[in-house]
Amino acid sequence: MRLVLVGPPGAGKGTQAKIICANQGIPQISTGDMLRAAKAAGKLPKDLVEKMAAGGLVPDEVVLDLVDARVEEPDCKPGFLLDGFPRTAPQATGLDKVLGKHDTELDVVLAIDVPSELLQERAVLRRTDKRTGQIYHLKYNPPPAGAELEHRPDDQEEVVVKRLSTYEAMTAELLPFYEKRGKLKRVSGVGTVEEVTERVFAALGISL
Ligand code: AP5
Ligand code: ZN
């Protein structure tokens, strides 16, 4: 299965992506994680570090190159899940070209809908274990003792507001684009992680 998860910041893309990928045996390709890894390795140019920290998008060519190289890798042959990509119209058409090179296309684009009033709290109280990459929430999914917790710099309240407006301005328009092509499925991301997973699996036609 080749699928895309789309949704606003804090919608639960990363959380659900890990569950789907473990179930399907496919890799999770998160452009956000790839950019954060490049930053940690000192390989992300300073202007892009600043863009991310301010809640803007990095240039389309940068993420397209990352995805193009990643989907060529052998573990992506059986399928893959794209988390947080594409995010703009040029990224969506760029992705079509990348997949077209391999005579393949997306199977499904799954949108996770969460009202904006819930997103702020989800992002601000998120913590990630830097050793395992596991995503926690201080209130809804508390980390175990001993986890090495990180707080993302773009999870500051004012940056989350900016990320939400970036999503509305740049990414929300992708939903009608994929709907017209019969690729779009939508689920509500409100409820517990387990409740959302049930809806996601039902929409994808897979079982736990
Ligand atoms: P990225 O890392 O993709 O961030 P995002 O899209 O803003 O999404 P998040 O990771 O914040 O949220 P999520 O939906 O994954 O939610 P999660 O599962 O963690 O991008 C970061 C930045 O990189 C961008 O701003 C941009 O600068 C750059 N970038 C990345 N891709 C790019 C691209 N394609 N083009 C250009 N620039 C790009 O959950 C959030 C919290 O909620 C967690 O604490 C979790 O435990 C909790 N939670 C999850 N589900 C539930 C639930 N059902 N109930 C209660 N809590 C829940
Ligand atoms: Zn994420």
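Because the structure is a prediction, the values reported are computed rather than measured.

K.L.:
I'd like a rundown of the site of ligand 1, residues and numbers included.
P.N.:
In the vicinity of ligand 1 lie 34 residues, with T15, G56, R87, R126 and R163 positioned nearest. When the free accessible area of ligand 1 is taken as 1,000 Å², the share hidden by the protein chains comes to 97%. Those elements that place two or more of their residues in the shell around ligand 1 are helix 1 (13–24), helix 2 (31–40), strand 6 (135–137) and helix 9 (193–204). Here the shell around ligand 1 gets four residues from one element, more than from any other, and that element is helix 2. Split into classes, the residues belonging to the shell around ligand 1 amount to 14 nonpolar, 12 polar and eight charged.

K.L.:
Lay out the sheet that holds strand 4 (residues 108–113) with the relevant residues and their values.
P.N.:
For sheets, the rule is that strands pair by backbone hydrogen bonds, running either parallel or antiparallel. Strands sit in the order 2-3-1-4-8 across an open sheet of five strands; the sheet is parallel. The sheet is open, and its two edges are formed by strand 2 (28–30) and strand 8 (184–188), each paired on a single side. Geometrically, the sheet is characterised by an average inter-axis angle of 20° between neighbouring strands, direction not taken into account. The pairing of strand 1 (residues 2–6) with strand 3 (residues 80–83) spans four bridges and is classified as parallel.

K.L.:
Describe the side chain of T128, with residues and values.
P.N.:
Within the secondary structure layout, T128 lies in strand 5 (residues 126–129). When its relative accessible area of 16% is taken as the criterion, T128 is described as buried.

K.L.:
Let's hear about the nonpolar core: which residues, and what values?
P.N.:
Core analysis: the largest hydrophobic core is formed by 28 residues, its most contacted members being F80, L82, F85, L95, L106, V109 and Y178. Of all the secondary-structure elements, those providing two or more residues to this core are strand 1, helix 3 (46–54), helix 4 (60–71), strand 3, helix 5 (89–100), strand 4 and helix 8 (174–180). By size, the runner-up hydrophobic cluster in this structure holds 23 residues, among which are I26, L81, I112 and V196.

K.L.:
Summarise helix 2; cite the residues concerned and give the values.
P.N.:
Turning to helix 2, its buried residues number three or more, namely T31, G32 and L35. An end-on view of helix 2 places all buried positions within 105° of arc, on one side of the element. Contacts from the buried residues of helix 2 go to strand 2, helix 3, helix 4 and strand 3. Positive phi appears at G42, one or two residues downstream of helix 2, with a value of about 70°.

The rules behind these values
Residues numbered from 1 in each chain as written. Chains lettered and ligands numbered in written order. Predicted model: local features only at pLDDT ≥ 70, side-chain atom pairs only at ≥ 80, totals over all residues. Heavy atoms only, no water. Near = heavy atom within 4 Å. Areas by Shrake-Rupley, 256 points an atom, 1.4 Å probe, with all protein chains shown as cover. Helix = DSSP H or I, 4+ residues; strand = E, 2+ residues; numbered from the N terminus. Nonpolar A, V, L, I, M, F, W, Y, C, P; charged D, E, K, R; others polar. Pairing = 2+ DSSP bridges. Axes fitted to C-alpha atoms, helices over the stretch in contact; angles between N-to-C directions. Buried < 20%, exposed > 50% of the residue type's maximum accessible area, 1.4 Å probe, protein only. Core = buried A, V, L, I, M, F, W, Y, C linked by side-chain atoms within 4.5 Å. Arc of directions from axis to C-beta. Contact = heavy atoms within 4.5 Å.

Nothing here speaks to function; it is all geometry.
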